[in-house]
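Coordinate analysis (summary)
Each chain, letter by letter, is given below.
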Amino acid sequence: MHSCPRPADENPAPRPEADRGTVDPRRLRADDLRSLLAVARTGRLVAAADALGVDHTTVSRRIAALEKALGLRLMERGTEGWALTDAGKTVSENAHAIEDALARVVDAVSGQGTPSLRGTVRVSAPDGFGTVIATPALARVRRLHPGLHTELITATRQLTLYQSGVDLALAIGTPTGSRLVTEHLTDYTLGLYASDAYLARHGAPRSTADLPEHALIFYVESMLQVGDLDIEHHLPGASPAFSSTNVFAQLEATSLGAGIGVLPAFLAHRAQLRRLLPEEVDIRLPITLAVRREAVTHAAVRAVRDALRHEVAHRTADLLPQ
């Protein structure tokens with residue numbers, strides 16, 4: 001009797017806890033550790049297999065072998081894919097050194113004087129900031145290190161690193177987490193913006209007291225996952241007439257004259273929108289850069305973090321216009 005094939009991202013195999021006595025290092029294989037790192041980054045067996053150039057059953061088998069050799073469960077299924085257990089995070093943190101060593105071997109035999117970076121670095125960021133600020137930084141890293149694969153996930157939501165295999169995250173506000181290393185990256189400005197067409201039809205508000213007479217454009221309040229973007233906090237009594245979870249939809253609606261947008265300056269200025277009531281409405285929000293603690297020492301992650309810092313330092317006039 002033949003059993004049905006198991007779906008790619010289903011639990012690969014029963015993994016009972018083995019004896020946690022002395023671990024025989026001869027049973028540990030570099031390929032098994034690389035598979036663990038790949039699944040940790042992507043959260044998916046199939047995506048990890050693609051990154052390693054093997055099939056997903058091979059990745060599943062390697063992780064199962066590693067768990068058996070260590071006598072520990074290293075991964076568990078979460079709502080957003082596979083995630084590391086606490087033991088898996090510890091193993092992953094130390095496995096990066098093996099991955100870096102393999103990359104150095106490749107560089108040495110290929111005659112490259114300067115070590116190049118390889119592997120995959122996944123970054124998450126809010127839609128607008130990720131597209132306009134993070135993307136140029138990631139492109140610069142790729143030019144310097146063609147063997148490095150960078151992934152950008154854009155969404156304006158609460159910070160979730162482990163569940164989605166993210167190495168670095170840019171988040172609005174100040175996230176918390178015992179296994180995160182965080183730093184304040186920059187502040188950015190939001191203001192009121194409108195198109196010339198809208199102002200010709202409706203005129204400009206003379207003060208914030210006039211805003212109820214105008215259509216505002218902002219996020220969908222009931223679906224907003226970032227408390228720092230709560231419009232009631234910044235504009236008490238204001239209620240958007242057009243809402244979207246995507247800041248580029250808000251920008252497009254504002255450009256089309258659908259209302260007055262509450263928009264980041266670095267986006268609104270690119271669209272040549274008019275700033276309204278700058279003295280009364282000048283919202284400053286922080287962007288925090290968070291890194292998984294076990295990924296801090298990884299050379300590729302450090303390179304991406306440095307590129308993000310460099311980009312922000314050169315875009316101050318866009319992020320915080322006078």
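In this section: the pattern of salt bridges. For side chains of opposite charge, pairing can occur when their charged atoms come near one another. The full count for this structure, using the stated rule, is 15 salt bridges. Among the ionic pairs, Arg-122 bridges to Glu-151, the shortest N-O distance being 2.8 Å. Placement of the pair is Arg-122 in strand β3 (residues 119-125) and Glu-151 in strand β4 (residues 148-154), with a sequence separation of 29 residues. Given a relative accessible area of 11%, Arg-122 falls into the buried group. For Asp-210, the salt bridge is made with Arg-206, and the minimal N-O distance between the two is 3.5 Å. In this structure Asp-210 comes out as buried when scored by relative accessible area, which is 13%.

Take the nonpolar core next. Residues Phe-129, Leu-170, Tyr-188, Leu-192 and Leu-229 are the most contacted members of the largest nonpolar core, which totals 59 residues. Setting aside residues no more than four positions away along its own chain, Leu-192 makes contact with Leu-211, Leu-235, Ile-260, Gly-261, Val-262, Arg-274, Arg-275, Leu-276, Leu-277 and Val-281. Ala-48, Met-75, Trp-82 and Ala-95 belong to the second largest nonpolar core, which has 19 residues in total.

Moving on: the confidence of the model for the protein. When pLDDT is averaged along the protein, the result is 84, and 84% of the positions lie at 70 or above. Taken as a whole, residues 1-7 scores under 50 in pLDDT and shows two contacts with residues more than four places along the chain or in a different chain. Segment residues 13-18 is flagged for pLDDT under 50; beyond a separation of four residues in sequence, or across chains, it makes eleven contacts in the model.

The next subject is the environment of Met-75. Here Met-75 lies in strand β1 (residues 75-78). Taking the C-alpha atoms as reference points, Met-75 and Ala-64, separated by eleven residues in sequence, lie 9.7 Å from one another.

Positive phi outside glycine occurs at Gln-272, with the angle close to 60°. Backbone geometry places Leu-277, a non-glycine residue, at a positive phi of 45°. By the element assignment, Leu-277 lies in the loop between β10 (274-276) and β11 (283-292). Its relative accessible area of 13% is what places Leu-277 among the buried residues.

At 3.6 residues per turn, the α-helix brings residues three or four places apart onto the same side. A rise of 1.5 Å per residue sets the reference length of helix α1 (residues 30-42), with its 13 residues, at 18 Å; its end C-alpha atoms lie 19 Å apart and thus fit the reference within 8%. Burial of α1 is extensive: ten of the 13 residues sit out of reach of the surface. Turning to α1, its buried residues number three or more, namely Asp-32, Leu-33, Ser-35, Leu-36, Leu-37, Ala-38, Val-39, Ala-40, Arg-41 and Thr-42.

Cut-off values and rules
In every chain, residue numbers begin from 1 and rise along the written sequence. Per-residue local features are limited, in this predicted model, to residues with pLDDT of at least 70; the limit for side-chain atom pairs, both in listing and counting, is 80 or more; totals at the level of whole chains, interfaces and linings are taken over all residues. Water and hydrogen atoms play no part in the side-chain values, which are based on all heavy atoms of the structure. Within this document, salt bridges are pairs made up of a side-chain nitrogen of Lys or Arg and a carboxyl oxygen of Asp or Glu, the two lying within 4 Å of each other. Numbered from the N terminus, helices here are DSSP runs of H or I no shorter than four residues, and strands are runs of E no shorter than two. Throughout this description, buried means an accessible area under 20% of the type-specific maximum (1.4 Å probe, protein chains only), exposed means over 50%, and partly exposed covers the range between. Within this scheme, the nonpolar core is defined by two criteria: the residues are buried Ala, Val, Leu, Ile, Met, Phe, Trp, Tyr or Cys, and they are joined through side-chain atoms within 4.5 Å. Here, residues are in contact when the closest pair of their heavy atoms is within 4.5 Å. pLDDT is defined as a per-residue confidence score from the predictor, taking values between 0 and 100. Multiply 1.5 Å by the residue count of a helix minus one, and that product is the helix's expected span.

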